[in-house]
Amino acid sequence: MNRAAPRLALLTLAAALLASPLAQAQTKKELAARVVALQQSDYENLGRAMAGQTAQQVMAAVAPVMAQVPGDKREAVGKDIQAEVRKFHDQVAPILAEKAGKIGPAVAQPMIEERFSEDELKAVIAFLESPASKKYREFGSQLPPALTEKLVTETRATVDPKLKTLEQTLQSKLRAAVGAPASAPAASAAPAAKPARS
């Protein structure tokens, strides 16, 4: 009876493996499709990231012009511009996420089929479906904000003075480019009087 128990356990394990989705997807194409399906959220996240990068590029492009806005209006204009860019982001992020979710698999699957063997695909699927992988993905989404916060905190004293210097330099160059004086005191705005002729 004791010898039957290990055999029964092995048969049960074999039956479970044969019934698993991994065992059912036997062709390379099916295995690649499974990998792609397991990464669907990654494609959508790529679309959302593109929306964020685009919004950041717009804000960076606006920054030089903002330096030319009079100081008393700069904060209000800045908030208005940020609201418009946020509105743009909120409109395009779902569009890009949806589109990336649709085209991601079409792009990824042939590449995956070309670069991975069936055994490698099975290993990738086993990892992607594992609890460790799911836990690691959750951790991965929490890491960037935590790392960014700590990096900003620990480098603020070093980076802020350099950033202020850069801002001043860029403002001076922009003022020079638009013909505004580098420092615009009120008295220098009036034209100098011509000397009287004797």
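Relevant structure appears above.
Owing to the predicted nature of the structure, the values given are computational and were not obtained by experimental measurement. (Residues numbered from 1 in each chain as written. Predicted model: local features only at pLDDT ≥ 70, side-chain atom pairs only at ≥ 80, totals over all residues. Heavy atoms only, no water.)

What to know about the environment of glutamine 68
Phase 1: When you line up the elements, glutamine 68 lands in the loop between α4 (40–66) and α5 (71–115).
Phase 2: Take glutamine 68: its relative accessible area is 44%, and that puts it in the partly exposed class.
Phase 3: Between the C-alpha atoms of glutamine 68 and glutamine 171, which are 103 residues apart in sequence, the distance is 7.9 Å. (Helix = DSSP H or I, 4+ residues; strand = E, 2+ residues; numbered from the N terminus. Buried < 20%, exposed > 50% of the residue type's maximum accessible area, 1.4 Å probe, protein only.)

Brief notes about helix α3 (residues 28–38)
Phase 1: Taken residue by residue, α3 has Leu31, Ala32, Val35 and Val36 as its buried positions. Within α3, the buried residues cover an arc of 140 degrees as seen down the axis, which keeps them to one side. (Arc of directions from axis to C-beta.)

With respect to the environment of isoleucine 95
Phase 1: Tracing the backbone shows isoleucine 95 in helix α5.
Phase 2: Under the relative-accessibility criterion, isoleucine 95 is labelled exposed at 55%.
Phase 3: The spatial distance from the C-alpha of isoleucine 95 to the C-alpha of glycine 47 is 8.0 Å, given a sequence separation of 48 residues.

Points about the pattern of salt bridges
Phase 1: Counting across every chain of the model gives 7 salt bridges.
Phase 2: A salt bridge links glutamate 113 to lysine 29; its shortest N-O distance comes to 3.8 Å. Remark: lysine 29 occurs in helix α3 and glutamate 113 occurs in helix α5; sequence separation between them is 84 residues.
Phase 3: A salt bridge links glutamate 98 to lysine 102; its shortest N-O distance comes to 3.1 Å. Here glutamate 98 pairs with lysine 102, and both are found in helix α5, just 4 residues apart, close to one helical turn.
Phase 4: According to the relative accessible area criterion, lysine 102 is exposed, its value standing at 55%. (Salt bridge = Lys/Arg side-chain N within 4 Å of Asp/Glu carboxyl O.)

Some thoughts on the nonpolar core
Phase 1: Formed by Leu31, Ala32, Val35, Val36, Tyr43, Ala108, Ile112, Leu121, Ile125 and Leu128, the largest nonpolar core amounts to 10 residues.
Phase 2: Contributions of two or more residues to this core are made by α3, α5 and α6 (118–128).
Phase 3: The element best represented in this core is α3, accounting for 4 residues. (Core = buried A, V, L, I, M, F, W, Y, C linked by side-chain atoms within 4.5 Å.)

Re the packing of aromatic side chains
Phase 1: Scanning all chains against the criterion turns up 1 aromatic pair.
Phase 2: Relative to phenylalanine 139, the ring of tyrosine 136 lies with its centre 5.9 Å away and its plane at 45 degrees, an arrangement referred to as tilted. Pair noted here: tyrosine 136 and phenylalanine 139 are both in helix α7 (residues 131–178), with a separation of 3 residues, about one helical turn.
Phase 3: We classify tyrosine 136 as exposed; its relative accessible area is 55%.
Phase 4: Accessibility expressed as a relative area gives 41% for phenylalanine 139, which makes it partly exposed. (Phe/Tyr/Trp six-rings, centres within 6.5 Å; stacked < 30°, edge-to-face > 60°.)

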